[in-house]
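Descriptive analysis of the structure
The primary structure of each chain is shown beneath.
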Amino acid sequence: FPSESRSVMAVGVGDFVIVFGLLKATQYNGKYAVVMGEEKEGRFPIHLMENYGKMIAAKPSNLKPAPIIDTAALSAKQIQKELEERLPSPLRTLLYNPPKQKNATENIVIMLPGIGGSHVPFHEMSETMNLPQTGSIALQPMKPLPFNMGWEWLRSFEQDGNLIRPKPGDMRRLNSLRDTRKALHYFLRVVSASFGLDLNRIFVLGFSQGAVCAVDLALRPPSGYGRLGGAVAISSCLLEEEMMLEDAGKQAEPEEKEKSEEPPPILVTHGKDDERVPIEKARDAFRVLKKLVSRGRKCDVSRLVQFKEYRKKHQMIGGGDEARDVVKFFADHLYLRDLALESHPDLINVNKNPDILEQFGGADAVPKDIRDKLDALHINDG
């Protein structure tokens, strides 16, 4: 799993790595890649990030885990540039906003605009939200719209320029969503490895078409990486084609071999006056979403998946109540360190790993001076 300990771990499937030491294909040395499959005949298949779609085979000795970005030493612009260099070109148009607290990037929120929208207002919104110990990445949609109308996450238009009207059996938008999911899986792997954060510290917030992608990533994260920290879906959550399949007793995606016991928390918000996705359709989509979340899992769906309605149209966060609910969602689920407590001069960081305690001869053999200091602080496991 992506964490700081990766630097001493062997390379495995899904890892974000750097290629080095090639004697023949030297043009790939120093390039970033993702390991795409198991080792076969002494080589791993890897997907080069710079040449999006380029696959080569490399020996384990020519691969090493990509280093974690030193967020404490770099400016926001430098961190953003480093991320851009690690990503394929369709995913390089982004804006990074660091947490206000130095050296405290404990979470990342990825923000996905809707069709035709810009990532710039989302970057500005993240600055306004100012979530503690949380960086944000506002990402431009990766596919160009026809007639220079902007960008989209998945195919939306017919060849004649009219919007695709969902109908049973039409898989074009679902297939397009699968392609986008594959690209965003790469993005999540890069972010996870670059910040040294497991996937459960990464959240996705999306609007409209971006909300569909956010929910899709929450339901179907990259294999072997666990689950997301959570997802916020504003003004949409599922494609109608997926709803049609579910209501017909079919599944848009095959069952996963392994599922986490508990899916990530998901907040869906919607406007009662939405002129693009009527509130009745949004309520129906939420019904199907709960079905998807609970399938094959033992979990309290009503606790993990929420649906909230507001007096607004098809727009981003529309008012005080919605803004408060979104911020509360993050407050409930972000991982936060107690920075004030950490700055206490008498605080000693105690690692509860049994192997560490064993260095003292077991928990009962921890030196008395350490026990006395902890007792003086009245710290408990809560």
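Residues numbered from 1 in each chain as written. Predicted model: local features only at pLDDT ≥ 70, side-chain atom pairs only at ≥ 80, totals over all residues. Heavy atoms only, no water.

Overall, antiparallel pairing links the 5 strands, which are arranged β4-β3-β2-β1-β5 in an open sheet. On the outer flanks of this sheet lie β4 (55–58) and β5 (63–65), each paired with one strand and no other. Ignoring strand direction, the axes of neighbouring strands in this sheet form an average angle of 45 degrees. One ladder, built from 3 bridges, connects strand β1 (residues 16–19) with strand β2 (residues 32–35); its direction is antiparallel. Pairing of I18 across the sheet is with Y32, part of β2. Sitting on the sheet, helix α3 (residues 172–195) is in contact with β1, β2 and β3 (44–48), with an inclination near 80 degrees to β1. (Pairing = 2+ DSSP bridges. Helix = DSSP H or I, 4+ residues; strand = E, 2+ residues; numbered from the N terminus. Axes fitted to C-alpha atoms, helices over the stretch in contact; angles between N-to-C directions. Contact = heavy atoms within 4.5 Å.)

Taken across its 6 residues, strand β11 (residues 202–207) has 6 buried, putting it largely inside the fold. Of the two faces of β11, both are covered, the one formed by I202, V204 and G206 as well as the one formed by F203, L205 and F207. Where strand β7 (residues 107–112) lies against β11, 5 bridges are found, and the strand directions are parallel. Its bridge partner lying in β11, I108 is registered against I202. In terms of strand pairing, β11 meets strand β12 (residues 230–234) through 5 bridges, oriented parallel. Paired with V204 across the two strands is A231, which belongs to β12. You can see the chain leave β11, run along helix α4 (residues 209–219) and come back into β12, and the turn it takes is right-handed. (Buried < 20%, exposed > 50% of the residue type's maximum accessible area, 1.4 Å probe, protein only. Right-handed = clockwise from strand over helix to strand, strands pointing away.)

Another point: the sheet that holds strand β6 (residues 94–97). The strand order across the open sheet built from 7 strands is β6-β8-β7-β11-β12-β13-β14, with neighbouring strands paired in mixed fashion. For this open sheet the edge positions go to β6 and β14 (305–310), each flanked by a neighbour on one side alone. With direction set aside, neighbouring strand axes in the sheet form an average angle of 15 degrees.

This part takes up helix α8 (residues 320–333). With 14 residues, α8 should reach 20 Å at 1.5 Å per residue; the first-to-last C-alpha distance of 20 Å fits that figure. Residues E322, V326, F329 and F330 constitute the buried set of α8. Buried residues of α8, seen end-on, are gathered within an arc of 90 degrees and therefore sit on one face of the element. Seen from the buried face of α8, the exposed residues on the opposite side, beyond 90 degrees, are R324 and A331. (Expected span 1.5 Å × (residues − 1). Arc of directions from axis to C-beta.)

Our focus in this paragraph is the packing of aromatic side chains. Scanning the model with the defined rule gives 5 aromatic pairs in all. Pairing F16 with Y32 gives two aromatic rings, centres 5.3 Å apart and planes at 15 degrees, and the pair type is stacked. Within this pair, whereas F16 is found in strand β1, its partner Y32 is found in strand β2, the two being separated by 16 residues in sequence. By relative accessible area, Y32 is classed as buried at 13%. Joined through ring pairs, the aromatic side chains of F203, F329 and F330 make up one cluster. Sitting over the face of the ring of F20, K64 holds its NZ or CZ atom 5.0 Å from the ring centroid. Lying over the aromatic face of Y225, R189 brings its terminal NZ or CZ to 5.8 Å of the ring centre. (Phe/Tyr/Trp six-rings, centres within 6.5 Å; stacked < 30°, edge-to-face > 60°. Lys NZ or Arg CZ within 6 Å of the ring centre and 35° of its normal.)

The next subject is the pairing of β1. Side chains F16 and I18 of β1 all project onto a buried face; the interleaved residues V17 and V19 project onto the opposite face, where all are buried too. Here β1 pairs with β5 via 3 bridges, running antiparallel. Within β5, the residue paired with I18 across the bridge is K64.

Here we come to the environment of V35. Assignment of secondary structure puts V35 in strand β2. Considered as a pair, V35 and D15 are 20 residues apart in the sequence and their alpha carbons are 5.4 Å apart. Beyond its immediate stretch of four places on either side in the chain, V35 contacts V11, G12, V13, G14, D15, V17, F44, P45, I46 and L63.

Glancing now at the side chain of K312. Positionally, K312 belongs in the loop between β14 and α8. Overall, the relative accessible area of 6% leaves K312 in the buried class. A polar contact of 2.8 Å, which involves the side chain of K312, links it to the backbone oxygen of Q315. Within the structure, the side chain of K312 is placed 2.9 Å from the side chain of E322, a separation counted as a polar contact. (Polar contact = N/O pair within 3.5 Å; in protein donor to acceptor, adjacent residues only side chain to side chain.)

A few words on empty space enclosed by the protein. Rolling a probe over the atoms, with the probe sized like a water molecule, indicates the empty space that remains. In the structure shown here, the tally under the stated rule is 3 cavities of 30 Å³ or more. By volume, the largest cavity is sized at about 90 Å³. Around the largest cavity sit N97, P98, P99, K100, V109, M111, S126, N130, L131, T134, G135 and S136, which together line it. Put simply, the parts of the chain that give the lining of the largest cavity at least two residues each are β7 and β8 (134–139). (1 Å grid on protein atoms, 1.4 Å probe; cavity = no way out; pocket = protein on both sides within 12 Å on 5 of 7 lines; lining within 4 Å. Points joined across faces, edges and corners; volume = space filled by probe spheres on them.)

For the rest of this paragraph, the subject is the nonpolar core. The biggest cluster of nonpolar side chains holds 68 residues, and the ones touching the most others in it are I108, I137, L184, F187, F195, I266 and L289. With 11 residues, α3 is the largest single contributor of residues to this core. Excluding its chain neighbours within four sequence positions, the residues that come into contact with I108 are Y96, T134, G135, I137, V191, F195, L197, R201, I202 and F203. Within the second largest apolar cluster, 18 residues are counted, among which are M125, L267, V326 and F329. (Core = buried A, V, L, I, M, F, W, Y, C linked by side-chain atoms within 4.5 Å.)

This part covers unusual backbone geometry. One non-glycine residue, E41, lies in positive phi territory at about 55 degrees. By the secondary structure assignment, E41 is in the loop between β2 and β3. Phi at N130 takes a positive value of approximately 50 degrees, unusual for a residue other than glycine. Relative to the elements of secondary structure, N130 occurs in the loop between α2 (120–129) and β8. With relative accessibility at 38%, the residue N130 sits in the partly exposed group.

Everything listed here is a matter of coordinates, which is why it stays silent on function.
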